[in-house]
Structures are given as C-alpha cells and as structure tokens.
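Overview (structure and organization)
In case you want the letters, here they are:
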Amino acid sequence: MAIPSYDFDTVVDRHGTWCTQWDYVEDRFGVPGLLPFTISDMDFETAPEVLTALRARLEHGVLGYSRWRQRDFLSAVVDWYATRHSTTVDPESIVYGPSVVYQLSQLLRMWSRPGDGVVAHTPMYDAFPKTVAAHGRELRPCPMRDWAELERLLALPDTSVLLLCSPHNPTGRVWPADQLDRMAELCARHGVAVISDEIHGDLAYGPHVHRPWALHGGEGRWAVITSASKSFNIPALTGSYGIIGDPESRDAYLRRLKEADGLSSPAVLSLVGHIAAYREGAPWLDALRDYLAGNLAMVAERLDAAFPRLGWEPPQAGYLAWIDLRPLEADDDALQRELVEVEKVAVMPGSAYGSPGWVRLNVGCPRKKAEAGVDALIRALRRLAS
C-alpha cells in the first residue's frame, strides 16, 4: 500500500484570517507586522482527510444541535488510545468540553475550594496561573525535578490538586513511566486530585513514549483533559474531551456542563474533525512529526554552530523550542528589543512562563520560516555579545 505524501513546505498566507498569531501580534509585542513564532498553533493546513470530512459535513447544509455522546465519536477516541497509546479507555469515562481550559476550570471548582493550593511544575504554561488565580485558588509552583519540594507541597493540608502538563509545555519533556507512578503514589498518599493536560501527547518523538495518566491514576480522583487540536492543528474548531476515572466526579462534571453552563451540544465540526483525525489522520500525523523533528534538528544544528556552550537539544515532544540563553548572559529586555525592533520577529520570552533568561520559539511552520526565526535569534544574540 502506497504511503501518502504530504506537503509541509508550502507557505499558507494566514494574514486577514483573524489569526491570533499573525493578525494580532501587536497585542502582545506592541508592533504590527512582525514575523511570529509565538502562540502554539502551526502554520500548516490540517490533514487533508480532516478537510475532506469537514467539507462533506458542510455540504449537508444543516448545522443544528448535535450530540457528542454517540458511537462514532466515542469509538474514535477509544480506538485512538488503543492503537496510538496502548491504553484501554472505557467509553463511559469519556466526557466532552468546549476547550481544555474550560475542563480545567470545571475540575478545579469540583475538586478544590477557594484558597486551596494547586501544585504545578515550573516553568509553566501561562494559562495555568491565570486560570488558577481566576478561581481564587493558590498556585504552588514546583521545579520539575525537585521531588522533595513536590512532596512537601502535596503534603500541605490545603493542597487539593496537582495540575500536570504531560508532555510538558513549554519544555517539551515527556514524563517517564516511573516518575508518573511516583507522582501517582504521592497524590494518593496525600489525597490530592490530579488534572493531567495531555494536549501535546500525540507529538512525542521516539524513543520517548507518552503515557496517559489513565494508566497511572488508579481509583483516585483524576482526569485527563485533551484534544486533537494541537496534533492536527484544528484549535479554531474548538472542542476537547476528557477522561474522568471516578464515576461520581464524571457525573458531577456532566451536570455542570449541561445544566449550569448549557454546553452539552458540541460544535458539530469539532466532532467531525476529531473523528476524521483519529480514524484517518494517523499517516499525516506521522509525516508531520518527521517534519517537525527536522525543524528542531535544524534549530539544534544552527544554535550549536553559533553558540556551542548552549548545548541545546530538541524537546522530547511538540514543536516549541525551549532555549536556555542564560549561559550567554543576554539581558531579556535588550534581546526583545533586538528581536522586535531590528529583526522584526516575535519570539516568546521565557518570563511569560516564569523563566527569565529563556525563550520559546514556535517552529510548527514551513522550514523556511523556522530558519528565518532561529537565524534572527542568533543575529540578535551576536549583536548583544559584541
């Protein structure tokens, strides 16, 4: 059987499409028209199999209320986990949500009270502190490899939730099975619920293997929250889903979704997109990962040639190059001025994730653009060092 060929090199002009990354770069950086390497979506068209399914659904012409709790959607998720992650998922444990952050919000309200502690690893995806603060909970940051601090925080009597990012954003780290088991044991010992954001789970690179929390959570209160939106680049369709192990918690979540928030009818195109992605999109996803790995290898090669002492290595998952610039002693503000005012590029500063001295460069794009981004970063750093 012939392997499909996919094109990731063709540049798609996203200007004028209300695109957050391209059309609204001025909102964050104060200057319009920058070449952006920022918000974590990709500049590629989604899988042609997904586009074909969406067109067919639109051709039907009726866009009425729909249901997510139906065989096509649930079996697509179950089969995806079985084939891609060697994980058995009970279809009864699956829930729907309009977004991953919505699911996070609901679960925080269910499993904690105002003032309770929520533990999360640093550096940290910037939506986590905002969401935790908006619900009146206390964020308790923990360095990723500091197990003593993790246990201390989890043992505090008012710590209610461990908010896990797996694979981790922004570092791209894939948590090994033994470390997930260790986290599960600590949370069980201290009665802490786990919310595991696994939206980057399909973008792990071999030999690193993403292991869903569903393999580790046991009988306690835990939830996986995720979506095909990152791996298939369909965030504008909205829509996510979760896996909640505890039936009582699952029922409580669904009551809130339907009765309190009136959101039980999903965006039908999101359902169509997810089903097509999980049923037919695996070859495209495999080709995408190979292309992204090539982009990240290019970044590593160019950074190593310019600044060997950085010793930068590609992430274990995702398309976000998380780069430690502290050995170069570059001033963060000065670097941003060079990037924005001279190079005319937008690159996320590490301070947005609680880590000054780092940058996050999104290379989910055609290689030509990725090369332009890393070259601009290198030129800016060289000028600051001169």
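In the block above lies the structure referred to throughout.
So, a few notes on the structure that sits alongside this text. (Residues numbered from 1 in each chain as written. Predicted model: local features only at pLDDT ≥ 70, side-chain atom pairs only at ≥ 80, totals over all residues. Heavy atoms only, no water.)

**With respect to the overall build of the protein**
Secondary structure summary: the protein contains 13 helices and eleven strands in total. For 386 residues, the compact-globule estimate of 2.2 N^0.38 gives 21 Å, and the protein sits close to it at 21 Å. Evaluated residue by residue, the protein yields a buried proportion of 55% over its 386 residues. In the protein, the proportion of contacts linking residues at least 24 apart, taken out of those at least 6 apart, comes to 76%. As presented, the protein carries roughly 17200 Å² of accessible surface, and 51% of it is formed by carbon and sulfur atoms. Treating the 39 positive side-chain charges of the protein as one cloud and the 50 negative ones as another, the clouds have centres 2 Å apart. (Helix = DSSP H or I, 4+ residues; strand = E, 2+ residues; numbered from the N terminus. Rg over C-alpha atoms; globule rule 2.2 N^0.38 Å. Buried < 20%, exposed > 50% of the residue type's maximum accessible area, 1.4 Å probe, protein only. Contact = heavy atoms within 4.5 Å. Areas by Shrake-Rupley, 256 points an atom, 1.4 Å probe, with all protein chains shown as cover. Lys, Arg positive; Asp, Glu negative; His and termini not counted. Charge placed at Lys NZ, Arg CZ, Asp CG, Glu CD.)

**Looking at the sheet that holds strand E1 (residues 35-37)**
The strand order across the open sheet built from four strands is E1-E10-E11-E9, with neighbouring strands paired in mixed fashion. Looking at the sheet topology across the chains shown, the edges are occupied by E1 and strand E9 (320-324). This sheet shows a mean twist of 30 degrees between the axes of neighbouring strands, independent of strand direction. Note: E1 against strand E10 (residues 345-349), three bridges, orientation parallel. In the sheet register, Pro36 faces E10, and the bridge partner there is Ala346. Against the sheet, helix H12 (residues 332-343) contacts E10 and strand E11 (358-362), and its axis sits at roughly 165 degrees relative to E10. (Pairing = 2+ DSSP bridges. Axes fitted to C-alpha atoms, helices over the stretch in contact; angles between N-to-C directions.)

**So, the sheet that holds strand E7 (residues 222-226)**
Pairing is mixed across the open sheet formed by seven strands, whose spatial order is E2-E8-E7-E6-E5-E3-E4. Each having just a single partner strand, strand E2 (94-97) and strand E4 (138-143) make up the two edges of the open sheet. Across the sheet, the axes of successive neighbouring strands diverge by a mean angle of 25 degrees, strand direction being ignored. In this sheet, strand E8 (residues 240-244) lies alongside E7 in antiparallel orientation, the contact comprising four bridges. Considered in E8, the bridge of Val224 is made with Ile243. Relative to the sheet, helix H5 (residues 100-111) contacts E2, strand E3 (117-122), strand E5 (159-165), strand E6 (193-197), E7 and E8, its axis offset from that of E7 by approximately 165 degrees. Of the strands in this sheet, E3, E4 and E5 touch helix H7 (residues 147-155), which is tilted by about 160 degrees from E4.

**A word on the pattern of salt bridges**
Enumeration over the complete set of coordinates arrives at 19 salt bridges. For Asp286, the salt bridge goes to Arg84, with nearest N and O atoms at 2.9 Å. Remark: Arg84 occurs in helix H4 (residues 71-85) and Asp286 occurs in helix H11 (residues 282-306); sequence separation between them is 202 residues. Of the charged contacts in the structure, one is a salt bridge between Asp286 and Arg289, with a shortest N-O distance of 3.4 Å. Of the two residues, Asp286 and Arg289 are both situated in helix H11; the distance of three residues between them amounts to about one turn of the helix. The class for Asp286 is partly exposed, based on a relative accessible area of 30%. Under the relative-accessibility criterion, Arg289 is labelled partly exposed at 23%. Three or more residues are tied together by salt bridges with common partners; here these are Arg14, Asp41, Asp43 and Lys369. (Salt bridge = Lys/Arg side-chain N within 4 Å of Asp/Glu carboxyl O.)

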